Every structure is written in structure tokens, then in C-alpha cells.
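Chains, contacts and geometry: an overview
This is what each chain is made of:
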Amino acid sequence: MRRIPLLLLLAGLVSLAAAPQAAQPAGTESIRVMPLPRDGQVYVSFELAGGVTEELRETIRSGLQTSFAYDFELRRGVPLWVDRTIAIATVVATVQFDNLTRRHQMSRLIDGRVEDALVTENQAEVDHWLTKFDRVPLFRTTELEPNAEYYVRVRARARPRSTWSLLPWDRTGAWGHARFTFLP
Amino acid sequence: MALRLRDAEPPTPSLPDLPAPWPAAAAPRRRPFRDNSRLILSGILLLVGALATLLTIANRSAAYSPDFLVEVVLYALSVADVTMLAALVFVLARNIVKLIVERRRALPFARFRAKLVAVLLGMTLIPSVLVLIVGSEVIRTSADRWFNAPMDEVLSSANRIASDYYRDRQKLVTDHAQRIARMLPAELTGASVPMTSRVRDVIAPEVTLERLQMVAVYGVHRGAEGALQVVPVIDVASPNLPAGYSRAAADRLAERTASGGAEQRALETLAGGGELMRAAAPVIGSDGRTVGVVVATGLLSGDLAERSRRMTRAYEDYMQLRVLKQPLTGAYLSFFLMLTLMIMVGATWIGLYFAKRITRPVQMLSAAAREIGAGHLDRRLEPETADEFGSLVEAFNSMAGELAASRQKLEQSTYDLQRKHLEVEGRRRYIETVLERIATGVISVDAAGLVTTINASAARLLGLDPYATGRPAHDVLARRDLAPLLDLLHKVLRGRAEPPAQEIALMRDDREVHLAAVASALHGESGAEEGAVLVFDDVTPLIRSQKVAAWREVARRLAHEIKNPLTPIQLSAERLRRHFGAAAPATQALVAECTSTIVAEVDSLKGLVDEFSQFARMPAPRAVPTDLHVLLDDTLTLYNGLFSHLRIDPRYDPALPLVRVDPDQIKRVLVNLIDNAIEATSRSGTITIETQHDPSNNLARLVLADNGPGIPPADRDKLFMPYYSTKKRGSGLGLAIVRRIVAEHGGTIEVGENTPTGARFTIELPC
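Basis of the calculations
Residues numbered from 1 in each chain as written. Chains lettered and ligands numbered in written order. Predicted model: local features only at pLDDT ≥ 70, side-chain atom pairs only at ≥ 80, totals over all residues. Helix = DSSP H or I, 4+ residues; strand = E, 2+ residues; numbered from the N terminus. Buried ≥ 20, exposed ≤ 12 C-beta atoms within 10 Å, placed from the backbone. Contact = placed C-beta atoms within 7 Å. pLDDT = per-residue confidence, 0-100. Pairing = 2+ DSSP bridges. Axes fitted to C-alpha atoms, helices over the stretch in contact; angles between N-to-C directions. Arc of directions from axis to C-beta. Left-handed = near helix turned anticlockwise from the far one by under 90°. Nonpolar A, V, L, I, M, F, W, Y, C, P; charged D, E, K, R; others polar.

1. A look at the overall build of chain A
Summing up its helical and strand segments, chain A has 3 helices and 9 strands in all. Each helix and strand of chain A, ordered N terminal to C terminal, gives the series α-β-β-α-β-β-β-β-α-β-β-β. Counting over 184 residues, chain A shows a buried share of 28%. If you take every contact in chain A between residues at least 6 apart in sequence, the share linking residues at least 24 apart comes to 62%.

2. Considerations on helix α20 (residues 734–744) of chain B
Residue and element names in this part refer to chain B. By the criterion of burial, α20 is predominantly enclosed, with 9 of the 11 residues buried. By the burial criterion, the buried members of α20 are G734, L735, A736, I737, V738, R739, R740, I741 and V742. Once α20 ends, the next one or two residues include G746, with phi positive near 80°.

3. Section: the confidence of the model for chain B
Interpreting fine coordinate detail is not advised for predicted regions of low pLDDT. Residues and elements named next belong to chain B. Per-residue confidence for chain B averages 82 on the pLDDT scale, and 91% of its residues sit at or above 70. pLDDT under 50 marks residues 1–8. Its contacts with residues more than four places away, or in other chains, come to 8 contacts. Overall, residues 22–27 carries pLDDT values under 50, and its contacts beyond four positions in sequence, including any with other chains, amount to 10 contacts. Across the assembled chains, the prediction reports ipTM 0.78 with pTM 0.51.

4. Structural notes on the sheet that holds strand β6 (residues 441–446) of chain B
Residue and element names in this part refer to chain B. Taken in spatial order, the 5 strands make up an open sheet running β7-β6-β10-β9-β8, and their pairing is antiparallel. Two strands bound the open sheet, and with one partner strand each, they are β7 (451–454) and β8 (502–508). Direction aside, neighbouring strands of the sheet carry axes that sit 25° apart on average. Bridge count between β6 and strand β10 (residues 529–538): 6 bridges; the pairing is antiparallel. Across the sheet, the residue bridging to D446 is G531, located in β10.

5. A few points about helix α14 (residues 483–493) of chain B
Residues and elements named next belong to chain B. Looking only at α14, the buried set comprises L485, L488, L489, V492 and L493. Each buried residue of α14 sits inside an arc of 130° when the element is viewed along its axis, so together they form one side. Considering only its buried residues, α14 is in contact with β6, α13 (473–476), β8, β9 (511–523) and β10.

6. Focus: the environment of V295 of chain B
All names here are of chain B. Its place among the elements puts V295 in strand β5 (residues 290–300). For the pair formed by V295 and T174, sequence separation is 121 residues and the distance between their alpha carbons is 8.9 Å. When neighbours within four sequence positions are excluded, V295 is seen to be in contact with A177, A216, A250, L253, A254, R278 and A280.

7. A closer look at unusual backbone geometry
A cis amide bond links R159 of chain A to the next residue, P160 of chain A, at an omega of -5°. Secondary-structure assignment places P160 of chain A in the loop between β8 (149–159) and β9 (174–181). Residue T755 of chain B is joined to P756 of chain B through a cis peptide bond whose omega torsion reads 5°. As for its position among the elements, P756 of chain B is in the loop between β16 (748–753) and β17 (759–766). The backbone phi angle of L80 of chain A is positive, close to 60°, even though this residue is not glycine. Tracing the chain through its elements places L80 of chain A in the loop between β3 (66–76) and β4 (84–98). On the basis of neighbour counts, which here come to 4 C-beta atoms within 10 Å, the residue L80 of chain A falls in the exposed class. Not every positive phi belongs to a glycine, and N698 of chain B is a case in point at roughly 60°. Its location among the elements puts N698 of chain B in the loop between β14 (685–694) and β15 (699–706). Overall, the presence of 10 C-beta atoms within 10 Å leaves N698 of chain B in the exposed class.

8. A look at the packing of helix α18 (residues 663–680) of chain B against α20 of chain B
Residue and element names in this part refer to chain B. Two elements in contact, α18 and α20, have axes whose closest approach is 10 Å; the angle formed by their N-to-C orientations is 145°. Regarding α18 and α20, the two cross each other, and that crossing is left-handed. Contact with α18, carried on its side by Q665, R668, V669, N672 and L673, involves G734, V738, I741 and V742 of α20 and no other residues of that element. Broken down by class, the residue content of the contact of α18 with α20 amounts to 5 nonpolar, 3 polar and 1 charged.

9. A closer look at the pairing of strand β4 (residues 275–284) of chain B
Residue and element names in this part refer to chain B. With 9 of its 10 residues buried, β4 lies for the most part within the structure. Relative to β4, strand β3 (residues 265–269) is paired through 5 bridges, and the arrangement is antiparallel. Note that in β4 the partner of T269 across the bridge is E275. Hairpin remark: β3 followed by β4, antiparallel, with 5 residues in the connecting loop; positive phi at G273, about 110°. When β4 meets β5, the two strands line up antiparallel, connected through 10 bridges. Paired with L276 across the two strands is L299, which belongs to β5. Following β4, the chain reverses through 5 residues before pairing antiparallel with β5; G288 in that reversal takes a positive phi of roughly 85°.

As C-alpha cells, this is what we get:
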């Protein structure tokens, strides 16, 4: 009987640690997502409106490597059950400002692979680099069922966070999702 | 007369077996964790190690990358905080609920423990919360003070200076590159002079005049498929250019520029210190296409570059700190909170532990004391510590052991007492039974003269109330005829020597009763007089028998002495009559009258002597089973037709069995009694002869009653004495003989009043 309180405590800790994974979207959606299945790939265009806040600019200007991580999930709805995740992908856009040369070193990675790099002094270009993506190939259509409906869900998180909360899980970030029907 | 009890021991009732001593109760289980000092020490060491680790992490927090700090360290600290908070809430809630439940159940020491826990928790939590609040505020305030306007201004200005310088230098290099690029189109496309020498002539002065450290020129050609090829044409480097620079960086810059890339600048940090600033400018031909690229390189000395970098780094560090102020503050706050929570949890747990440790032994002692009060003397406690509480527990155990031993002894004593009591009770009942059953009367009085015992025989013999115990003896024995008995008792109570046995005659139920009485003093264990006991026996039958025996002896001697001279007297009288047969008629008549008188009286005397002889020497009865009814009928036939006014009424019990009697002797008894009854009724009246069977006493009862004048009470007892008669004639031995015959048959004969008048003789014979 004594072990039950300990088990309950452990269960609480596990749920605490797993909370970030199960965290539901906070706030309204602000990522506009447009998936486009074509040529064996699912291309996703997405834009994070208002992602580069003044705080983030200050972070960039401080010389910290700042990144936007977009976590994509290709999912299929299951009635009366948990939706099934078909595939996941991560797109990371990073920028680092050199206060000496006043230039931004930018890069984009898809699932850890460097896809593009750029150096600029233009802040607008930095904003664009971080928040606007056009036709990024994220998923293959080989795992998709023809004429089935899917949806792409994306969550964007900026790093590093300059805020702090006693609660360990991260409730910040923007969300977006879009549905599409796979027509081969 | 001594009263002897039987020697046999009275039966001792059986007692249940003495209860077996209770086995010692098993010792209670120990709580392994709370009382295991090694575990507790290990826990403390673990905690200290965790604290040291956290302290190290906290000290190095500024050196961590922001991502690591926020995502890992801060996350771990937040998780730890929430865990510690949950643990604290859990510990508090669990113990508070437990305390509430214990108080509601009114468990022993629940209120004291609740107070102790409340005080300990208050002493722990209140200061901890205060420290937490104050400490958090201090951390926040300090963190705010790290960043101030002057510092902002200084670092920002320094950074601006450095970056402006870099910008200017970069611009200069860019301007040179562009200028050189404007000068080269003809040389790169012209065919009159070799291209390299022409180019050299253009770019060499730039290096010589130390405007630039190196100038590299690339030619751009288009391949068959339109692919650009950037080919180095010539580069001129200053001899002061430090070694270790990378040509590939210049080549990449040229390629980038040739392909129209926006970024036409590059910065290379040299291994030996210093930085190379490169700027590329396309060489536009006359057709407007890029025919070449000029890459100009300027050098920033090591010191300058280093200082600039330092200024910028300082600025960036400061700005990054500012940006991460919240997470850093959060890290410190989390760490502080975690420390505080750990202290609170530890202090709370330790406080609760010690509260329990203090109250638990007392609780156990209280519970054990209750159990011992309820009779469970086998309850023992195991001392859990070696301190004063342990001594208290051991003292309790020894007290319980002594109580158990005392109880055992008490039970043993009680058992022995019960056994003795039962023995005494048995003996008392035995004595009481004996006293109630014996024919001897026993009266005992205490030292105050109060009657303590009157047995049934005493009550019957003396005609006393058998429940007169507790009354003074002089009240109980107040009758005049009991004065001798009272006198006996008083003599003994006054402490005189025990008087000898006395014979006392009383009148009971109109009969004379002879008692042989003796009184003795009762002494206690200490020898003090505790009273007296009066013992008396009914010796009336003995007296009677002695009288009868005496009379019998007299009768025998009398018969013997008288009978002898009677015959000579009779013979002499007859001889005289024969002698004077021839005498004168007057003399003859006189002699005949006198001799007839003599002979008649001698015959009468002979009859009397015969009766005396019979009384003296009665033969032993020859008993045979006899039907009394047949015997009675035979006897009654002797009286048939003799007395016309007399009615003899036989009433026979049909259930009367055969009785072992000597028919002749019983017949004689019947004849005697019937003759007496006939005489009593003056030959006219009713004589009732009744038989009864008493199966409970196994007796055959024969009742002969007449309706004559009856027998006065004063004469009833003497009726059966020899030579006592109410008739004018007779020897007076008839009823004595009757009694003797009945006695020799083992029976009794009593005389009483008949209702409404007359006498009633009752003979009881054993069946």
C-alpha cells in the first residue's frame, strides 16, 4: 500500500516530463501552410506571420545564434481515435549577426541537412529568411494513400527563448495546419 | 459422650486446571527505513552530492550556450522544482491528513503530535518561505542592476567604434576593388600585350603603395553550355602579407561575384592573428558582361583585429546577457527555489520524522499500557533506540513482566484458595450432613452465648425451632425442662472444667425422654475460647431396655424363687384336705374351704409365675414369610360370636406383601391388643384393625384402634413397662411382652389417641 503514493508521484513526474510532447497548441494559429503534393513529393510553402518580434531582433542583434525550428507532421485523421502520424520533418532557419561586420550569416536546414546559406546586411532579408519558405520538399508521397485526406501540422519555435516560466514545458510557439487530398 | 466423625475424607470436588502461562507476544516489526541510520546517512550524502552538483552547474551557467541553458538546464531545474514542490505538497498533505484522521479517531497522543508537527512545520516553512521571497527579490533586483544605461552606452559605443572601423576598412577595400575593376576591362579583353603583364601593371601599384595587401584578378569564361569558369589570371601580394591565408577563399569569392552573388565581401581570420578583408568587384566588359573579377585584400593587423573583436565580443556578451536576463534569472531563481524546496522537504520530513520518533515510543507505551490494563500482560515492546526512550521501554517491559509474574502468583493463590475453599466447603457439607443425619442432638453457641448450630436431631429431641441460630442460648433453651442443658452450657462458657455427662429427663409429646448430655468448650487456633458445644443423645430406648432387662431378670429370679415353693404348698394343702377328710363335718368344711383357697391361689400364682417366666425367657422368633391378612383372619375367628355388641372392623391393604414374622408370636401380640381393646370398650364398641403398606420405608403397618376411653398421655409411655397395668387384674406384663415381640421382629409399636376417642396402637414391621 505504501508504494502507491510513490507510484503516483512517479507517474506525475513522467507526465510532467512528457507534457511538452503532449502540449496542445497555445494561442491562435499564425503559420500559413500550403501543402502541394507533386512529383512524388509533398511540397510545403509556409509563412510565419509576425514571427520576428522586436525581442527576437534584439536577440539577433546580440550576436546569439537565433533559429526558427519548424516541426512538421504529416497526419491522417482516424475517426474516434488518435490521428495517425505518417511522417515528420524539421526545417530550421538560423541567423547569426556579427556585430563587428554588421552582417547576418543565415542558413537553412531540412532534417539536419544544410539546404541553403546566405550572408546579408539587410534586416528585411533576415526576416524573410526566417519566416517565409516556398515549396520546401518535406515528405514523399510513396506512403500516402490515393484519394485519402491528410493534413500537415506545423509548430514553430524560436530559439533561444528569452522568457522564463516555472513550468518546464514550453507553451510558446506558433501553430498552423492545412489539409489536402492526395490525388496521385 | 464423644461425637466421632467418620474417618473417610469428604469428597473433594474437582477444580479446573490452572490456566497455562500466556506465551510471550511476538515483538513488533521494525520500520526499516526510518530507523536505519545507514540509509538515512546515505540519503543525506546523496542530497549533499546533488546540491554540490547543482551548485557547480549554477556557477557555470553563464558559460553555457543559451540553448543549453534554456532548453536543458532551465528545463531540468524547472522539472526538479515541480518535483520538489510535488514532493513537499505530498509529504505535507499526507501527514496533515494522517494527523487529522488520528485526531478524529482520538488516537493516543494525536493532539500532542499534531501540535509538535505544526510547530516544527511552522519553524521550517515560515523561515524558508521568507528566505525564498527575500532571496528571489534580491536575485531579481541584482539581475536588473547588471544592466544599466552607462554600461549600455560604453559597450555600445565601443562596439560601434570597432564595427565602424571595420566598415570603413571594408569599404575602402571594396572601393579599391571596384576602382581596379573599372581599370581592367581593356587589359582583360585586349590582345596586343600579354594579359597578365598588363594586369600586373595595373594592380602592382596598389600593392606597392600599400593600399592593399593583395590583389587577385580572375578571368571569367563561359563554357560551351554557358557554364561560367573563373580562372585566376594573376595575383600580386605584398611581402608583408602574413602566411597562412587561403587562396581558396579568394577563389570562392571570385566565383560568387562572377555568378552574380550579392555578397561580394569576405573576411578571413588568419591563424597568426589579424584578419584579411576581401572585396570582389566584377570586371564588366564592353559588352556589358562580366569578363573578370578583381579580388582585393586588405589586412587588419592582429592587435587591431583582436581589440576590435574583444570590444564586439564584450558588447555581444553584454547584449546576450541582457537578452537572456530572464532565463538566467530564472535559472538562479529555479536553483534557489529548488534549494529552498529541498531544505523545506528535508526539514519537513526530518521534523515529521522526529515528531513521530518522539511520539511513537510514547504512543506505543500508551497503547501497551492500555493493553496491560485490559489484561494482556504478555504485551512487550522492543526498544528501538538506546536512549532514554529505550530505557523507558525496558522499564515498561520489566514492569509488565513483574505484573505478569504477580498475576501468575495471584492466580495460583486464587486457585489454591478455591481448592481449599472447596475442600472446606466439602468438609462443611459433610459435617452438616452428618450433623443433620445423626441421631445425636448438637447445639453450639459462640463466646457471646448466641446459638450458632442447632441440628435437626436437637430440634426434634428438644422441640426447638431449627432456625433459632443467632439467638441467645438462654432464649432458645428458656423452657424449664431445658434448664439443666442451659446450666451445662453456662458452666462451660464460664470457663469451668468440663462437667461430666448428665442424664436429663424431659417430657416431649406426652412422653418421657431421657437424654444423655455433655458440653465441651470450643477453642480457636490461639487457644481462646470461642464458645461451647452441647451434645446429647436420646437414651430413652436404652433406659427402657435397661429397665426391661432389669425387670426380666427380676421376673426370672422371681419365677424361679416363687415357683419352687408353690408345688409343696399346693401338695401340702391337698394332703391336709385328705387328712381331714374324716374329720367332723364342720372341720371338714373348714379345711375344704381353706385348702381350696390355698390351691386356687397357688394356681393363680403359678399362672403369674408362668407369665413371669415367659417374659423373662422369650424365645427367639422364627420368622417366615407370612400373609398378615390371613393371620389376622385366623386371630379374629377366635372372637367370632363372643361379644354381640362388639364390632371388629378389619381394613386390609391389598398391596401388603408377605412379611417375615413368627406367626405364633404375632398372633399372641394381636390377641393381647384385641383383648385390651375389648376390655377398653367394655365389650361394646368398635375395634378397627387396619393394614397399610409403606413402600418408601419398606414397612408393613398394622393399626389397631378402639373407641374406648383412650389412654391418658401420662400413662402412654409407661404402658409398655413391665408390671404397669390400668386393669384391676393381670400381671402387667402383656404389653411389655407385646413390645418385646415386636422389637425382636425389628419393628416398633406406638400408642396414641384415636379419633374421635379411644386408643390407637400402631405396629410397624419391616417388609
